[in-house]
Amino acid sequence: MSTPGHVTGESAGRGLRLAPFRGLRYVPERVGSLAAVTSPPYDVVVRPDGLRHLETADPYNIVRLILPQAATAADRHRQAAETLRRWQDEQVLAPDPEPALYVYEQRGEGILQRGLIGALRLTPREEGIVLPHEDVMPHIVEDRAALMRDTAANLEPLLFSYRGDGDGDEGAAAVIDRVILTDPLFSTTTDDGFAHRLWSITDAQDLARIDEDLSRRHALIADGHHRWATYLRLRSEHPAGGPWDFGLVLLVDTARYPLRVRAIHRLLHKLPVRTALEALGGSFRVRTIDGPLEESLTALAEAATEPGNAFVLAGDGRFHLLDRPDPALLARTVPADRPRAWRELDATVLHSLLLEHIWKVPDDPEHIGYIHDTTAAVRQAVRHEGTAVLMHPVHEDVVRELAEQGVTMPRKSTSFGPKPATGLVLRSLALN
């Protein structure tokens, strides 16, 4: 098994290539607890409340690397790099003695998920080995690229899914099933109630079996489109054959461990709910729900079982269910040059019909925020007198079908999970 930067001719170009690396991990004796130094992925942390909570949980919380706070972007990235170097000098973070793949397990909320963390060989989209399903925002890619340049590290594993053979008799599944019977490197439970365990795989035969299995697979980007685009950009800036040819990912076999798919909600900072409703005219049926958030989400789920699109608007103390959009208006505003499954997506209709045509909301961070948590989206809409647009999740099969056709969904259309906790294992490019 070769190390990153030395892909063998036998493995290269056929499919997924997940290489072992020397994981950079927290030294338990140097931190309050492993749970206290972890964080959700950078784009899930709800600012500013979530950020402050994580920063005060432990002085070495990983959020100080993935979301450093300073006056300018350059200062933030420089501060993250200095913090990373200092933590290694202080032995807060230390590299594992030899390259490994890592088995990562998450358990909670009735969910069990296991996968492999490793350094994935980067491949362009046209090779069809890694399938994106969402567009990206250039300013986020630029920010993540600057952070990775300065730190020379992959600080968070991306979440990728692939379809195995559905059993554990051979290949990667068999290795995982055997490894989880041994003692893990660590076990911890985070504030969200999820239990996390990590094992390392260093045996040459096990690594070879995984390599052979994955070389026949393709992967869907479940979470991490911006960071994957960042990996590809940084690879183009460095000589081929080095550590920048690989990026840190978690690969989950969804034939054995199906992912949970949730929606990502929109926060329209400068559009009051009253203005949004008045602009609708007769383009949607509108029903007001005076009950709690849970009641509105139940109504949204029921509306989503019928043909057409549905959304809930919130921010004025009540909830407004929008459904049954005007078919003639849809025909005029939704691009007709895409597959039917894409044209009927809630995110497509939201952006093409509502945001662009009716509300005329500019597509930039000043006007549109993306929030994973429904309660947080509603709370911020109320606080800032804006509008939260609550979405219903897309089924994974629809996402995969479109990705296999090479069709991307509107950005931030889905939230796959459970997402890997950030801070359990990092990849320093200086070590790999």
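Located above this text is the structure these notes cover.
The numbers attached to residues start from 1 for each chain and follow its sequence in the written order. Where totals are concerned, whole chains, interfaces and linings use all residues; where local detail is concerned, this predicted model gives features only for residues with pLDDT of at least 70, and gives and counts side-chain atom pairs only at 80 or more. Only hydrogens and water are set aside when side-chain values are computed; all heavy atoms of the structure are taken into account.

Chemist: Provide a residue-level description of helix α6 (residues 204-214), including the pertinent values.
Modeler: When we look at burial in α6, the residues that qualify are D206, L207, I210, D211, D213 and L214. Within α6, the buried residues cover an arc of 165° as seen down the axis, which keeps them to one side. Away from the buried face of α6 by more than 90 degrees, exposed residues A204 and Q205 are located. Its side-chain oxygen 3.0 Å from the backbone nitrogen of Q205, D203 forms the N-cap of α6. When accessible area is computed with a 1.4 Å probe and restricted to protein chains, residues below 20% of their type maximum are described as buried, those above 50% as exposed, and intermediate ones as partly exposed. Strands here are runs of E lasting at least two residues and helices are runs of H or I lasting at least four, both read from the DSSP assignment and numbered beginning at the N terminus. The directions from the helix axis to the C-beta atoms are what the arc is built from. Between N or O atoms, a polar contact is any pair within 3.5 Å; within protein, one atom must be a potential hydrogen donor and the other a potential acceptor, and residues adjacent in sequence are included only when both atoms are from side chains.

Chemist: Explain the packing of aromatic side chains to me, using residue names and the numbers behind them.
Modeler: Here the aromatic set is Phe, Tyr and Trp, taking the six-membered ring for Trp, and pairing holds for ring centres within 6.5 Å; pairs whose planes are under 30 degrees apart are stacked, those over 60 apart are edge-to-face, and all others are tilted. For the coordinates displayed, the defined rule picks out 6 aromatic pairs. Aromatic side chains W228 and Y231 sit 6.2 Å apart centroid to centroid with 70° between the ring planes, which places their arrangement in the edge-to-face category. Residue W228 and its partner Y231 are both found in helix α7 (residues 225-236); the two are separated by 3 residues, about one turn of the helix. One exposure class covers both W228 and Y231, and it is buried.

Chemist: If you had to explain the nonpolar core to someone new, which residues and values would you point to?
Modeler: Working definition of a nonpolar core: buried Ala, Val, Leu, Ile, Met, Phe, Trp, Tyr and Cys residues. They are joined through side-chain atoms within 4.5 Å. In terms of nonpolar packing, the biggest core is built from 117 residues, with Y26, F160 and W359 touching the most fellow members. Looking at which element gives the most residues to this core, the answer is helix α12 (residues 346-358), with 7 residues. If you look at the next biggest cluster of nonpolar residues, it comprises 18 residues, including F319, I371, V378 and L390.

Chemist: How would you summarise the sheet that holds strand β17 (residues 319-323) if you had to cite specific residues and measurements?
Modeler: When DSSP finds two or more bridges between two strands, those strands count as paired. Spatially, the 6 strands line up as an open sheet ordered β15-β17-β16-β19-β14-β18, and their pairing is antiparallel. Single-partner strands in this sheet number two, and they are β15 (285-289) and β18 (368-371). When strand polarity is set aside, the average angle formed by the axes of neighbouring strands in this sheet is 25°. In terms of strand pairing, strand β16 (residues 310-314) meets β17 through 5 bridges, oriented antiparallel. Bridge assignment links A314 to a residue of β17, and that residue is F319. When checking whether two residues touch, look at their non-hydrogen atoms; a contact exists if any pair is within 4.5 Å. Convention adopted: a line fitted to C-alpha atoms gives each axis, helices being fitted over their contacting stretch, and angles between N-to-C directions are expressed from 0 to 180 degrees. In the packing of helix α8 (residues 273-280) onto the sheet, the strands contacted are β15, β16, β17 and β19 (387-390), and the crossing angle to β17 comes to about 25°. Sheet contacts for helix α9 (residues 293-304): β15, β16, β17 and β19; angle to β17, the most-contacted strand, approximately 5°.

Chemist: Tell me about unusual backbone geometry, and please be specific about residues and values.
Modeler: In this structure, P418 follows G417 across a cis peptide bond, with omega equal to 0°. Not every positive phi belongs to a glycine, and A152 is a case in point at roughly 50°. Even without glycine at this site, E385 takes up a positive phi of about 55°. Within the secondary structure layout, E385 lies in the loop between α13 (374-384) and β19.

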